[in-house]
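This is what each chain is made of:
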Amino acid sequence: MTTLRRAFIAAAAALCIAHVRSSAQPPVGPFGVSPPPRGGAAGAQAADPLSAESHFRLGVQYRADGDLGKSAEQFRAAAALRRSDPAAPLNLGIVCAEMGELDEAQEAFARVLEIDPGSLPALFNRGVIFMRQGKQAEAIASFEKALLLGGNSVPVHYNLAVCYEYANGVRYGPGFQAAKSAVHYRKVLDSQPDNAIARFNLGMVCLHGGDAAGAEQELRKAFELDPALADAAYQLGILMLRKKSYHSAVRYLREARGIDPSLAAAGPLADAHVGLGLFYLDNADFESAKKNFDEALSIDPSRTQALVHLGRAQRGLGDYPGAVRSFTTAMGADESLPLKGELAETYASWGGDLARGGAHADAAAKFEDALRLRPDDRESMKRLAALYRGPLGSPG
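Please read all numbers here as calculations on a predicted model, not as lab measurements.

Rules behind the numbers
Residues numbered from 1 in each chain as written. Predicted model: local features only at pLDDT ≥ 70, side-chain atom pairs only at ≥ 80, totals over all residues. Heavy atoms only, no water. Helix = DSSP H or I, 4+ residues; strand = E, 2+ residues; numbered from the N terminus. Buried < 20%, exposed > 50% of the residue type's maximum accessible area, 1.4 Å probe, protein only. Contact = heavy atoms within 4.5 Å. Expected span 1.5 Å × (residues − 1). Polar contact = N/O pair within 3.5 Å; in protein donor to acceptor, adjacent residues only side chain to side chain. Axes fitted to C-alpha atoms, helices over the stretch in contact; angles between N-to-C directions. Parallel < 35°, antiparallel > 145°, perpendicular 65-115°, else oblique. Left-handed = near helix turned anticlockwise from the far one by under 90°. Nonpolar A, V, L, I, M, F, W, Y, C, P; charged D, E, K, R; others polar. Salt bridge = Lys/Arg side-chain N within 4 Å of Asp/Glu carboxyl O.

Asker: So what exactly am I meant to see when it comes to the environment of Ala 344 here?
Answerer: The residue Ala 344 is located in helix α18 (residues 340-356) in this model. A relative accessible area of 0% means that Ala 344 is categorised as buried. Along the backbone, Ala 344 and Phe 367 are 23 residues apart, and their C-alpha atoms lie at a distance of 8.4 Å.

Asker: What is the right way to read the environment of Leu 102 from this model?
Answerer: Considering the arrangement of structural elements, one finds Leu 102 in helix α5 (residues 102-115). Of the residues examined, Leu 102 reaches a relative accessible area of 18% and is grouped as buried. As for Leu 102 and Arg 132, which are separated by 30 residues in sequence, their C-alpha atoms are 8.8 Å apart. Setting aside residues up to four positions removed in sequence, Leu 102 forms contacts with Ala 97, Ile 129, Arg 132 and Gln 133.

Asker: Which parts of the structure should I look at to understand the environment of Ala 330?
Answerer: Looking at the element boundaries, Ala 330 is found in helix α17 (residues 320-333). The contact partners of Ala 330, leaving out residues within four places of it in the chain, are Thr 304, Leu 307, Val 308, Leu 337 and Leu 339.

Asker: Mind showing me how you'd approach helix α16 (residues 304-317) here?
Answerer: Counting along an α-helix, one turn takes 3.6 residues, and residues three or four places apart therefore face a common direction. Over its 14 residues, α16 runs 20 Å from end to end, which matches the ideal 20 Å to within 8%, given 1.5 Å per residue. Where burial is concerned, most of α16 is hidden: 10 out of the 14 residues are buried. Within α16, the full set of buried residues consists of Thr 304, Ala 306, Leu 307, Val 308, His 309, Leu 310, Gly 311, Ala 313, Gln 314 and Arg 315. Phi turns positive one or two residues past the end of α16, at Gly 318, with a value near 85 degrees.

Asker: Can you walk me through the side chain of Ser 326 in this structure?
Answerer: Mapped onto the fold, Ser 326 is located in helix α17. Owing to a relative accessible area of 6%, Ser 326 belongs among the buried residues under this scheme. For Ser 326, the side chain forms a polar contact with the side chain of Gln 314, separated by 2.7 Å.

Asker: Where do I start with the packing of α18 against helix α19 (residues 360-373) in this structure?
Answerer: Axis separation between α18 and α19 bottoms out at 8 Å; the angle between their running directions is 165 degrees. With respect to their mutual orientation, α18 and α19 come out roughly antiparallel. Where α18 crosses over α19, the handedness of that crossing is left-handed. For the pair α18 and α19, contact is made by Lys 340, Leu 343, Ala 344, Tyr 347, Ala 348, Trp 350, Gly 351, Gly 352, Leu 354 and Ala 355 and by His 360, Asp 362, Ala 363, Lys 366, Phe 367, Asp 369, Ala 370 and Leu 373, respectively. Within the contact of α18 with α19, the residues separate by chemical class into 11 nonpolar, 3 polar and 4 charged.

Asker: What's the story with the pattern of salt bridges in this structure? I'm lost.
Answerer: If the charged atoms of two oppositely charged side chains come close together, the side chains can form a pair. Taken as a whole and judged by the stated rule, the model has 18 salt bridges. For Arg 111, the salt bridge goes to Glu 114, with nearest N and O atoms at 3.1 Å. A residue pair is termed a helical-turn pair when its members lie 3 or 4 positions apart in one helix, as Arg 111 and Glu 114 do in helix α5 at 3 residues. Owing to a relative accessible area of 59%, Glu 114 belongs among the exposed residues under this scheme. Across the pair Glu 216 and Lys 243 runs a salt bridge, and its minimum N-O distance is 3.0 Å. Here Lys 243 lies in the loop between α12 (230-242) and α13 (246-259) and Glu 216 lies in helix α11 (residues 212-225), a separation of 27 residues in the sequence. Under the relative-accessibility criterion, Lys 243 is labelled partly exposed at 48%. A single network of salt bridges, built from pairs that share partners, joins Arg 312, Arg 315, Glu 342 and Glu 345.

In structure tokens form, the structure reads like this:
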């Protein structure tokens, strides 16, 4: 196995792929230190009591000790003494990248590529730095060249997938290359089918690329693989809400909120409960409807429409005082709401129940309340007149 092949394997093996929220991050080091420089003819040597190999080994040791500044000094010295060997500038680039000295790191990797244009670790690490700098086009060129030269690895495909998510510096921006990004995520998943982050990111690419069915499939798999992945649950909840699959929306949004309370899941969860409540209301399941409207209001008490729907469910259950309270509260919160008819209907239904129970005087009072709100309510007029002609008109 060649020195460069070993270096590439070390770099790829040490790669870390971070995930924060729904934004996959570029790989961050460590990227591995290559073996010592090869022997052979050296370039012009300065007056230095140490050999290039000694400086190199000191660079490796300082890096292992966590002293990146001294490590970089030693790799610079080794590179100056042996200008035709790529190992020292390669590792100088790696250490500089770890210190955040990205410009010097790029210069070092460029030097490696001057010596060996096919250096896979230099191409890979150069691409990573371009990603950190927000230069996706340059990163893509570097990673694609690594692929052409045989660097067909999970880290390269992952980074290409992330790069293709961007258009003009904006993730999922107009015109981003969803198809290319998806191809590379699927290459990652061919090797790592249980990679929940790659599945989540593929789901997001599908979602923003207009493939809602593909997004749902991948997001479900991601959440199955990692039930602690709050973002997957949240995005599934939003998808289900758009599909009006309110049961599923409530389930996923509730789980997302439980895993990570900082997620902005409260509003969508309230929406899902309202949607589910309306479904039950339309099907005359007033108890289930009331439960969901109550849930929505417990999450966001300012939702006046939820109060209106709650009043209708309460009226369906025969809880007329509760319905009047809900409608009145909603009207107080928003005077523009046309709720006089709802209140009149509530009083009329209340009066009808009271009349059937023999409470004729109370029934008459409710019909009168209904007529004050809606004077042209012929049914209430008719029933009130019947009460006064009948029970309320009888002696005693």
